[in-house]
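So you can see what is in the structure, the chains are spelled out below.
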Amino acid sequence: MKIKTITLSIILSAVASISMIAQNNIAEEVAWVIGDQLIYKSEIEAMYQQMQYERTPINGDPYCVIPERMAVEKLFLHQADIDTIEVQNSMIQQQVDSRINYYITNLGSKEKVEQYFRKSIPQMREELTEVWKNQSRVQQVQSKLTKDIKTTPSDVRKYFSTLPADSIPFVPMQVEVQIISINPNIPRQEIEDVKARLRDYAARVTNGESDFSTLAILYSEDGSSVRGGEIGFMGRGHLEPEYAAVAFNLNDPKKVSKIVETQYGYHIIQLIEKRGDRINTRHILLRPKVSDSDLMAGIARLDSVRQDIIDKKFTFEEAAPVVSQDKDTRNSKGIMVNSASGTTRFEMSQLPQEISREIDKLQPGEISKPFIMKDPKRNRDIVVIAKLTNRINGHKANLSDDYQLIKSMYEKSTKAKIIADWVNKKIDDTFIRIEDGWNNCTFEHNWIKTK
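Residues numbered from 1 in each chain as written. Predicted model: local features only at pLDDT ≥ 70, side-chain atom pairs only at ≥ 80, totals over all residues. Heavy atoms only, no water.

Draft legend 1. Highlighting the side chain of N338. Here N338 shows up in the loop between α12 (316-323) and β9 (346-347). Among the polar contacts listed, one links the side chain of N338 to the backbone oxygen of R345, at a separation of 3.0 Å. Contacts of N338, omitting those with residues within four sequence positions, involve T343, R345, F346 and Q350. (Helix = DSSP H or I, 4+ residues; strand = E, 2+ residues; numbered from the N terminus. Polar contact = N/O pair within 3.5 Å; in protein donor to acceptor, adjacent residues only side chain to side chain. Contact = heavy atoms within 4.5 Å.)

Structure (structure tokens):
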């Protein structure tokens, strides 16, 4: 059996259901009773409508699948109460603020968000807080249930040997890549020009000539520009240290900060609101540009390094720690690590576009000519050479090439069984009533108890 996790659409649906119950001043029809908890028909309908809007696939009859998911969640929340599991409010608030900012970005304004959801932003914040809090508590219970899993190579081999042939996944073509990159110097005059522009913006806001958020929309080079530079509530740990040091010292929302330099560029900041250990600010970010001449100098330098490697004066692995300025790879001999899997293997679509385009031309062991690409973190031009270390053609998974993938599958299967067994036992120990019209289903769990 498989326990489905609570998806984003379920979270959105929960918010919608709360709204529907509040707005419909009518007697609620109860569909399920789980212990002393009720699941209402309106909650199920709201969740179904939201999942349809989100185009979330539902594997089966929605009037069977949705209430069962809600019932399973209630079992976990009851256990969370027993275990006195709490959540860190600052983390929840950050998720809530991020979600509301996402709505504002996609719908265009706070007013449009309130119109769409038919409730105020403060109401949404309160309801989303409860939903995210519940999700976090469920995850903590599940983690506690599965924390003692120990995986050995023997377990993985045995698991793989029992997999039906049609359950063995096909692994797309993957590559292993090493890189050396350098960050060309930015001319001092370019930096001074950027600072002068930011000082001008700050003066225009201070003098009342312009609104900070309008200037952010027009000129900021950060993704938050569409929200007038607003980044939402953040704790110190989620901000660049230089940014946080200045932002948390702001006290007057009408004032504009001094210019702040971070790894992303240069900022000016305006305070919106402080709330405990979190702060909401807006900012304008400008990034100094690398000159064409410095980019060409970087290309010439890496072209020389590449030729020396080809001439066997030193190896790629020896050059990376000395030459490369990429802090994520220079101490690992240039080896790129896939953050999604924790391995050194990438599907081509997982690599930055510029790297995948160059790697596609190479045979294993070959090194690309120098090329210019955007640093995905700092969005500035850098110069790179890339080496194709290995290419693994698409194939059905096997233990020799895909041990980590199969290990992950085994651990996921083991966790799912532990959780499913726990749910089944919890059902046996809990009062369950499913009203007529809601019980003619093929459920994942045995909710219908025989006398």
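Once you've had a look at it, read on.
Draft legend 2. A look at the packing of aromatic side chains. Tallying each qualifying case throughout the model produces 7 aromatic pairs. With 5.4 Å between their ring centres and 75° between their planes, Y48 and Y63 make a pair best called edge-to-face. Taken together, the residues span a long stretch of sequence, with Y48 in helix α2 (residues 41-53) and Y63 in helix α3 (residues 62-82) at a distance of 15 residues. Considering the side-chain rings of F76 and W422, the 4.8 Å spacing of their centres and the 10° angle between planes classify their relative orientation as stacked. Taken together, the positions of F76 in helix α3 and W422 in helix α14 (residues 403-428) put the pair 346 residues apart, joining distant regions of the chain. (Phe/Tyr/Trp six-rings, centres within 6.5 Å; stacked < 30°, edge-to-face > 60°.)

Draft legend 3. Geometry of the sheet that holds β9. Read from one edge to the other, the open sheet built from 4 strands follows the order β9-β4-β11-β10, with strand pairing classed as antiparallel. Of all the strands in the sheet, just β9 and β10 (371-374) have a single pairing partner and so form its edges. As judged from the 9 bridges shared by strand β4 (residues 174-182) and strand β11 (residues 381-392), these two strands associate in the antiparallel manner. Within the sheet, the bridge partner assigned to I182 lies in β11 and is V383. Packed on one face of the sheet, helix α11 (residues 292-310) meets β4, β10 and β11 and runs near 35° to β11. Contacts between α12 and the sheet are confined to β4 and β11, with β4 contributing the most and set at about 45° to the helix. (Pairing = 2+ DSSP bridges. Axes fitted to C-alpha atoms, helices over the stretch in contact; angles between N-to-C directions.)

Draft legend 4. Seen up close, unusual backbone geometry. Phi is positive for T84, close to 45°, though the residue is something other than glycine. With respect to the helices and strands, the residue T84 is situated in the loop between α3 and α4 (89-107). Positive phi values are uncommon outside glycine, yet K333 reaches one of about 60°. Structurally, K333 can be placed in the loop between α12 and β9. Judged by its relative accessible area of 48%, K333 falls in the partly exposed class. (Buried < 20%, exposed > 50% of the residue type's maximum accessible area, 1.4 Å probe, protein only.)

Draft legend 5. Geometry of the confidence of the model for the protein. Scored by pLDDT, the protein comes out at a mean of 88, with 93% of its residues at no less than 70. The low-confidence segment residues 1-26, where pLDDT is below 50, has 60 contacts with residues more than four positions distant or belonging to other chains. (pLDDT = per-residue confidence, 0-100.)

Draft legend 6. Seen up close, the nonpolar core. If you look at the biggest cluster of nonpolar residues, it comprises 29 residues, and the most contacted ones within it are W32, I34, F76, V423 and W447. Sorting the residues of this core by element identifies β1 (30-34), α2, α3, α6 (121-146), α14 and β13 (432-434) as the ones contributing at least two each. Per element, the largest residue contribution to this core is 9 residues, and it comes from α3. Ignoring anything within four residues of it in the chain, the contact list for I34 reads I39, A71, K74, L75, T430, F431, I432 and W447. Core analysis: the second largest hydrophobic core is formed by 16 residues, V175, V177, L362 and I382 among them. (Core = buried A, V, L, I, M, F, W, Y, C linked by side-chain atoms within 4.5 Å.)

Draft legend 7. Region of the structure containing the packing of α11 against α12. In the contact formed by α11 and α12, the axes pass within 10 Å of each other and the chain directions differ by 150°. Classified by the angle between their axes, α11 and α12 sit roughly antiparallel to one another. In terms of crossing hand, the pair formed by α11 and α12 is right-handed. Between α11 and α12, the contacting residues are R301, L302, V305 and I309 on the first element and F316, A319 and V323 on the second. When its residues are assigned to classes, the contact of α11 with α12 shows 6 nonpolar, no polar and 1 charged. (Parallel < 35°, antiparallel > 145°, perpendicular 65-115°, else oblique. Left-handed = near helix turned anticlockwise from the far one by under 90°. Nonpolar A, V, L, I, M, F, W, Y, C, P; charged D, E, K, R; others polar.)

Draft legend 8. How the structure looks around the pattern of salt bridges. Tallied over the full model, the rule gives 16 salt bridges. With a closest N to O distance of 3.5 Å, D402 and R345 form a salt bridge. Of this pair, D402 sits in the loop between β12 (395-396) and α14 while R345 sits in the loop between α12 and β9; the two residues are 57 residues apart in sequence, bridging distant segments of the chain. On the basis of relative accessible area, D402 is assigned to the buried category, the value being 4%. With a relative accessible area of 17%, R345 lands in the buried category. Ionic pairing is found between D381 and K374, a salt bridge with its closest N-O pair at 3.4 Å. For K374, a relative accessible area of 38% puts it in the partly exposed group. (Salt bridge = Lys/Arg side-chain N within 4 Å of Asp/Glu carboxyl O.)

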